Amino acid sequence: MAFLLESLTAGGALADVSETDFFVEMPVVLSPSRLSQPLADSPSSVTIIDRDMIRASGFTQVVDVFRLVPGFAVAYGSSLLPTLTYHGLGDGYARRFQVLVDGRSVYSPDFGQVSWRNLPLALDDIDRIEVIRGPAGASYGANAFMGVINILTRSGDYGAPYVEAGLGNHGQDILNARVGGRAGEYTWRLSAGSASDDGLQRDTPDDVRERFADWKSELQLNARQALTLQAGIAHTRQETDFTPYNQHHGYASLGWKFAKNADSEFSAAYSLTEETFGDKPGIDLDYRTTRHNARAQWQGRVGGALRAAVGAEYRRDSAQSDFYYSMHDTITEDSRRLYGNGEWTIDPQWVVNFGGMAEHAHTRDPQFSPRLALNYKADRRQAFRLEYSRAYRIPTFYELLAQNYYLDDGGTTDPADDVVYQTLLAQNLEPEQVTSRALGWLLQLPQLGLQIDARAFHDRYENLIDVAFVSAGDGNDYIYQFVNESESVTLRGVEFQIEWRPDSSTRIFLAPAWARIRSHDSRIEDSAPPFSLSVLLDRKLDPRWRVSAGYYHSGAMTWLGGGSRVDASDRLDARVAYQTRMNGHAVEIWLTCQSLFGGQTEFKALQEAERRFLMGGRMEW
């Protein structure tokens, strides 16, 4: 790194620094401190995935987009429930992330998972995704344990109305459409779509069919105030050996913004989210969750050198399941949060970010998550960041209150074949805690079209929650209980995010990462791939033709919680698109190829991805 820095900064001698050196265009992020900041001033490392990257990747599922993020691993435990992790500790539920869509939290309060295939969200409606790499409890609270995924959808006129359809092997078909309009200061759009495929493997009964509809509208009340109304529904159906699972998701939200002036803005929002799941015979696995969320925030300038964002949030989560909790009553939790984040510009070279969040949920004591970061801008091309943070993850409803019993008779009448699966009520379960220290380096060379973002990190986890085997009963039984790990776990590593635009028609994105976990538990030590790499190449050959390819490597690792050890894997995707105009309408015809190498395993050793081809077209008007 030192050699590269010396070579790129004219023999190692930094140019004289003046205040005007720092007023160059740099990517701006919104998520880390809840303030709009250039990357050089951000307290955290952030990956920005924009619309062009999503399109070039050829992905049709939003969860696959995170394969582009350094250190992330994505896998399909089943065709219905994909999962992801960041540098290890991953299982089938991905409980350690805060996931937001336009500020609305979408992780489930029962198991902590995100139902990625059951979100009312069209990929084409996404404006950008900001991924905070590392704990962000100071800004987003308990579930921002490993990071934050903030999905921001398009505003304003929402782009042109369109229809898109595609067909492929393995039962793939997609159909998406959007309409919208404007009436004075009122804008709206309605998006809807459906998709289906035959699941992970053609000989497995796990076909999936998904449908959604999503509405977003904005009303500019006056020059300072605006209202945003959003609502959506989604339904996903998965075939099984018996009868289908059905999963439903519905939400509504109302937001208000008031810009007092250029340096002061108030905002408030309320959202309601409901999810249901069930319909497997023999075991009543139905569950229902509801989340009411109200939040308010002020952000602005306090004096000439200090900016701040302060806010409060109230949330009511509830869950009901006869099977998982052995009771018919609804479980309800009220949580409250207060947070504040500040940015202090000492001079053009030095910036201090500080903040914290205090929250109270169903744990015995309130939790406080602090963060402190020091940013040094050596010149207009490069910046360094030193950061410290602490975050917590509060146990999910299921971890805290699960108690269930299931008898599998093996399809026979012989009691000797009976197997009991039982989960015992957890005792004195404590929140997980992570203490993170990181060093960041950002280099921008606009004349070369090059940007490098590096992060070295050391995280210490305590009180990790795991499932313990309690006893074997009569020898055939499996009896479990959620417990806190008695020993701490450490994670060390380094990751890079490199973007190079050698000319206006070419974009190359490269994301290598190295990580190592230290733990007394060999499964946990093996849960992080020692090396992973993502590469995305996007090239416009001429005004009509565009080609792109993505390569994704993951080292051998172990998925916890229902997964297994999987070998190192390599995935190659490609996309070819032809753009033209027909009767004044923009038309695109495209072909997407996924898993061209075939045979890679992602979550379980016996689940191998198969080559997939999807061809379609899109028309705008």
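So, how was this worked out
- Here, residues in each chain are numbered from 1, in the same order as that chain's written sequence.
- For a predicted model such as this one, the threshold for reporting local features is a pLDDT of at least 70, and the threshold for listing and counting side-chain atom pairs is 80 or more; totals across whole chains, interfaces and linings nevertheless cover every residue.
- Computation of side-chain values: all heavy atoms of the structure, hydrogens and water removed.
- Each helix is a run of DSSP H or I of at least 4 residues and each strand a run of E of at least 2, with the numbering of both proceeding from the N terminus.
- Radius of gyration here is computed from C-alpha atoms only, and the compact-globule reference equals 2.2 Å multiplied by the residue count raised to the power 0.38.
- Each residue is placed in one exposure class: buried if its accessible area under a 1.4 Å probe, protein chains only, is under 20% of its type's maximum, exposed if it is over 50%, and partly exposed if it falls in between.
- Here the nonpolar core consists of buried residues drawn from Ala, Val, Leu, Ile, Met, Phe, Trp, Tyr and Cys, with membership extended through side-chain atoms lying within 4.5 Å.
- The contact definition used throughout considers only heavy atoms, calling two residues in contact when any of these lie within 4.5 Å.
- When DSSP locates at least two bridges between a pair of strands, those strands are taken to pair.
- What pLDDT conveys is the predictor's confidence in a given residue, as a value from 0 to 100.
- What counts as a ring pair is set by centres within 6.5 Å for rings of Phe, Tyr and Trp (its six-membered ring), and what kind of pair is set by the plane angle: stacked under 30 degrees, edge-to-face over 60, tilted for all other angles.
- The residues that make up patches have over 30% relative accessible area and no salt bridge, and they are joined within 9 Å when like-charged or within 5 Å when they are Val, Leu, Ile, Met, Phe, Trp or Tyr.
- Only the protein chains shown count as cover for residues, and the accessible areas themselves come from Shrake-Rupley with a 1.4 Å probe.
- For this document, the term salt bridge refers to a Lys or Arg side-chain nitrogen within 4 Å of an Asp or Glu carboxyl oxygen.

K.L.:
Explanation requested: the overall build of the protein chain in the structure shown.
P.N.:
Helix and strand counts for the protein chain come out as six helices and 37 strands. Relative to the globule expectation of 25 Å for 621 residues, the C-alpha radius of gyration of the protein chain, 25 Å, shows essentially globular dimensions. Based on the C-alpha atoms only, the size of the protein chain along its principal axes is roughly 85 × 60 × 55 Å. Looking at the protein chain as a whole, 53% of its 621 residues are labelled buried.

K.L.:
What am I meant to see in the nonpolar core here?
P.N.:
Nonpolar side chains in soluble globular proteins tend to end up buried together. Core analysis: the biggest nonpolar cluster contains 51 residues, and F66, W116, I129 and I149 have the highest contact counts within it. Broken down by element, this core gets its largest block of residues, four residues, from strand β30 (residues 506-518). For I129, the residues in contact, after removing those within four places along its chain, are T47, I48, I49, I54, V65, F66, I149, N150 and I151. Residues L285, F323, F397 and L429 belong to the second largest nonpolar core, which totals 17 residues.

K.L.:
What exactly am I supposed to notice about the sheet that holds strand β6 (residues 97-101) here?
P.N.:
Consider a sheet: its strands pair through backbone hydrogen bonds, and that pairing is either parallel or antiparallel. In spatial order, the strands read β3-β8-β9-β6-β7; together these five strands make up an open sheet with mixed pairing. A strand with exactly one partner marks an edge of an open sheet, and here the two such strands are β3 (45-50) and β7 (104-105). With five bridges joining them, β6 and strand β9 (residues 147-153) adopt parallel strand pairing. Among the inter-strand pairings, Q98 is bridged to a residue of β9, identified as V148.

K.L.:
What is the right way to read the confidence of the model for the protein chain from this model?
P.N.:
When pLDDT drops low, the exact placement of atoms in the prediction is not to be read closely. Chain-level pLDDT for the protein chain is 90 on average; 90% of the residues reach the 70-or-more range. Here residues 1-24 is a poorly scored stretch, pLDDT under 50, and it has 32 contacts once near neighbours within four places are set aside; other chains count.

K.L.:
Even after reading the chapter, I still don't get the packing of aromatic side chains, so can you show me in this structure?
P.N.:
Between two aromatic rings, the relevant description is the distance of the centres plus the angle of the planes. Per the counting criterion, the structure on display carries 25 aromatic pairs. Ring geometry for F72 versus Y86: centroids 5.2 Å apart, planes at 40°, classification tilted. Here the residue F72 occupies a position in strand β4 (residues 72-76), and Y86 occupies one in strand β5 (residues 82-86), the gap between them amounting to 14 residues. The class for F72 is buried, based on a relative accessible area of 8%. Centroid distance F258 to F266: 6.3 Å. Interplanar angle 25°. Geometry classified as stacked. According to the relative accessible area criterion, F266 is partly exposed, its value standing at 35%.

K.L.:
Looking at this structure, I do not really get a nonpolar patch on the surface. What am I missing?
P.N.:
Taken together, the side chains of W344, I346, W350, F354, L372, L374, L386 and L439 make up a nonpolar region of the molecular surface, amounting to roughly 750 Å² of accessible area. Of all the secondary structure elements, the ones that give two or more residues to the nonpolar patch are β20 (350-360) and β21 (367-379). Checked against the element boundaries, L372 lands in strand β21.

K.L.:
Whenever I open this one, the pattern of salt bridges confuses me. Can you help?
P.N.:
If charged atoms from side chains of opposite charge come close, those side chains can pair. All chains considered together, the criterion is met by 45 salt bridges. Here E210 and R117 are joined by a salt bridge, their closest N and O atoms 2.5 Å apart. Taken together, the positions of E210 in strand β13 (residues 208-220) and R117 in the loop between β7 and β8 (126-133) put the pair 93 residues apart, joining distant regions of the chain. One network of salt bridges, with partners in common, ties together R51, D124, D125, R154, R178, R189, D214, R618 and E620.

K.L.:
Teacher, can you tell me more about unusual backbone geometry here?
P.N.:
When glycine is set aside, most residues are seen to have a negative phi, and most peptide bonds are trans. Non-glycine residue D102 carries a positive phi angle of around 50°. With respect to the secondary-structure elements, D102 resides in the loop between β6 and β7. Its identity as a non-glycine residue notwithstanding, N463 has a phi of 60°, on the positive side. One can find N463 in the loop between β26 (450-462) and β27 (465-471). The exposure class of N463 is partly exposed, given its relative accessible area of 29%.

K.L.:
Is there a simple way to think about the environment of E525 in this case?
P.N.:
Along the chain, the position of E525 falls in helix α6 (residues 522-525). The exposure class of E525 is partly exposed, given its relative accessible area of 30%. For E525 and V489, which are 36 residues apart along the polypeptide, the C-alpha to C-alpha distance reads 8.6 Å. Leaving out residues up to four positions away in the same chain, E525 has contacts with I517, R518 and S519.

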